[in-house]
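# Breakdown of the fold
In case you want the letters, here they are:
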Amino acid sequence: MSPQKGWPIRRAAHLAYWPANRDKKGDSALKKIAVLGTGNIAQTIAVDLKNRGHEVRLFAPEGLIHRFRDFADTRVIECVGALEARERIDTITSDITQAVGQADYIIVCVTGNHHQEYAQLLKGHTSAEQIMVTFNGCMASLIYKNVWGQDPTCPILVESTIPPFSTRRVGPGKVRMFERHLAPVAFFPANAAEQYFEQLKTDLYDFPGLYADVLECGLSLINPTVHPGPCLVNLSNIEKPDFTFFLYEHGFQPSGLKIDVLLNQERLAVGKAFGYQIHALEDFAGVDRIDSWEPLYAMGHGCHALTSIAGPNDINYRYLTEDIPIALVCWASIGDLVGVDTPIMDAVITLVGVAHDTDWFTNGRSAERLGLSGKSVDQIRSYVKTGKA
């Protein structure tokens, strides 16, 4: 079942949204979980799942393991805010076999430009029984499938549009969780959901529903219709060395939000070409329709959990280096494939590429990189449902 119009992203004021075994340490149902990544999300997921009693293994490649140096000896991560916890992670390693061997779940918490790299790293170390979850996936499952191909060790692939919370690192081995929120997930192939969705909800998070497939999920990302407009019109403020920029406090103004409104409209048109009724940004803003900048302004300025988040203060931050080349390029490229014009996306991609001294149309996540080139709408829908090209 796909998310329905008016089905909001769940926020964690309601404890019923979290699995019943969340505090039962030592429960026989608890799992071995590998968390791949070094940033805000990876560290927060590690402490969150350890707090619920799971065995947690935190992985970083050899070249990035130094990011854990401040707590590598103690293996202790502290979380403050929406979760107050201080937990000792079972394993911190740069050995991929040690991280994922016999793990029940592999959770990938890296930016989109590293999805292919991590898939290549994982191939040969996984099994078909494992479940691999990617947050902020943007059709990452299709990237992974291109790497594994017909290899029978390809894990079951799951992705969601957002991580389970808003969070930031606030010190060595310390993170702050601002709020919890859950969105639906998608499986690749989509028909695997019937067997594994209830298990996923019990073991990890009580996700509120299922997207039809990873294509609908990827088109339902929220950030690429929130960050780009305000960031684009504030590039100079973001670059100022003597100014701490707060996107939702300073950047959520009419000029940038008007761009976001048009980006969302183009995204909706691409989804409509596949028969999807995308309603992600509207649900996040708590409205039925977004035809003007006002609902987005109210959403940003009306939520302390958002206005208190600092940054970006560098144009090479993921709000630009991920939302543009991974998401907007993906959507615009698929739009080209099915005959949907996306002039605002194209303009934003071009201008941000100028700021980054690169051609994001060439270097971003195109339909070709997803293995979709040359396919019709019906062929793409069949592929994401069955996993068979």
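This one's a predicted model, so the numbers in the text were calculated from it and none came from an experiment.

All right, on to the pairing of strand β3 (residues 55-59) then. The element β3 is extensively covered by neighbouring structure, given that four of its five residues are classed as buried. As judged from the five bridges shared by strand β2 (residues 32-36) and β3, these two strands associate in the parallel manner. Looking at β3, one finds that Ile33 is bridged to Val56. The sheet contact formed by β3 and strand β6 (residues 91-93) spans three bridges and is parallel. Across the sheet, the residue bridging to Arg57 is Thr91, located in β6.

Here the focus is helix α18 (residues 377-386). The complete set of buried residues in α18 reads Ile380, Tyr383 and Val384. An end-on view of α18 places all buried positions within 90° of arc, on one side of the element. Exposed residues on α18 whose side chains face more than 90 degrees from its buried face are Asp378 and Lys385. Elements that come into contact with the buried residues of α18 comprise α4 (140-148), β12 (185-188), α6 (214-218) and α15 (323-338).

What follows covers unusual backbone geometry. Of all residues except glycine, most have a negative phi; of all peptide bonds, most are trans. For the bond from Phe188 to Pro189, the omega torsion is -5°, close enough to zero to count as cis. Positionally, Pro189 belongs in the loop between β12 and α5 (193-203). In this structure, Pro312 follows Gly311 across a cis peptide bond, with omega equal to 5°. Take Pro312: it is sitting in the loop between α13 (304-307) and α14 (318-321). The backbone phi angle of Arg75 is positive, close to 60°, even though this residue is not glycine.

The tally for this structure, following the rule as stated, stands at six salt bridges. Between Asp90 and Lys50 there is a salt bridge; the shortest N-O distance is 2.9 Å. Residue Asp90 is found in the loop between β5 (85-88) and β6, and its partner Lys50 is found in helix α1 (residues 40-51); the two are separated by 40 residues along the sequence. You can call Asp90 partly exposed: its relative accessible area is 29%. The class of Lys50 is buried, set by a relative accessible area of 15%. The salt bridge partner of Arg289 is Asp291, with a shortest N-O separation of 3.0 Å. Take Arg289: its relative accessible area is 58%, and that puts it in the exposed class.

Every second residue of strand β7 (residues 105-108) is oriented toward a common face, with Tyr105 and Ile107 on one face and Ile106 and Val108 on the other, all of them buried. Alignment of β2 against β7, held across four bridges, turns out to be parallel. Opposite Ala34, over in β7, you have Ile106 as the bridge partner. Alignment of β7 against strand β8 (residues 131-135), held across four bridges, turns out to be parallel. Of the residues in β8, the one forming a bridge with Val108 is Thr134. The parallel pair β7 and β8, bridged by helix α3 (residues 115-122), forms a crossover whose chirality is right-handed.

With 93% of its residues at a pLDDT of 70 or more, the chain has an overall mean of 91. With pLDDT under 50 throughout, residues 1-28 is counted as low confidence; its partners more than four residues away or in other chains account for 71 contacts.

Once that is clear, we can look at the packing of α3 against α4. Helix packing for two helices is described by the angle between their axes and how far apart those axes are. Closest axis-to-axis distance for the α3/α4 pair is 9 Å, and the angle between their directions is 40°. With respect to each other, α3 and α4 are oriented oblique. In this structure, α3 crosses over α4, and the sense of that crossing is right-handed. Along its contact with α3, which presents His115, Gln116, Ala119, Gln120 and Leu122, the element α4 presents Ala140, Ile143, Tyr144, Val147 and Trp148. A class-by-class count of the residues in the contact of α3 with α4 yields seven nonpolar, three polar and no charged.

About the cut-offs
- Residues numbered from 1 in each chain as written.
- Predicted model: local features only at pLDDT ≥ 70, side-chain atom pairs only at ≥ 80, totals over all residues.
- Heavy atoms only, no water.
- Buried < 20%, exposed > 50% of the residue type's maximum accessible area, 1.4 Å probe, protein only.
- Helix = DSSP H or I, 4+ residues; strand = E, 2+ residues; numbered from the N terminus.
- Pairing = 2+ DSSP bridges.
- Arc of directions from axis to C-beta.
- Contact = heavy atoms within 4.5 Å.
- Salt bridge = Lys/Arg side-chain N within 4 Å of Asp/Glu carboxyl O.
- Right-handed = clockwise from strand over helix to strand, strands pointing away.
- pLDDT = per-residue confidence, 0-100.
- Axes fitted to C-alpha atoms, helices over the stretch in contact; angles between N-to-C directions.
- Parallel < 35°, antiparallel > 145°, perpendicular 65-115°, else oblique.
- Left-handed = near helix turned anticlockwise from the far one by under 90°.
- Nonpolar A, V, L, I, M, F, W, Y, C, P; charged D, E, K, R; others polar.

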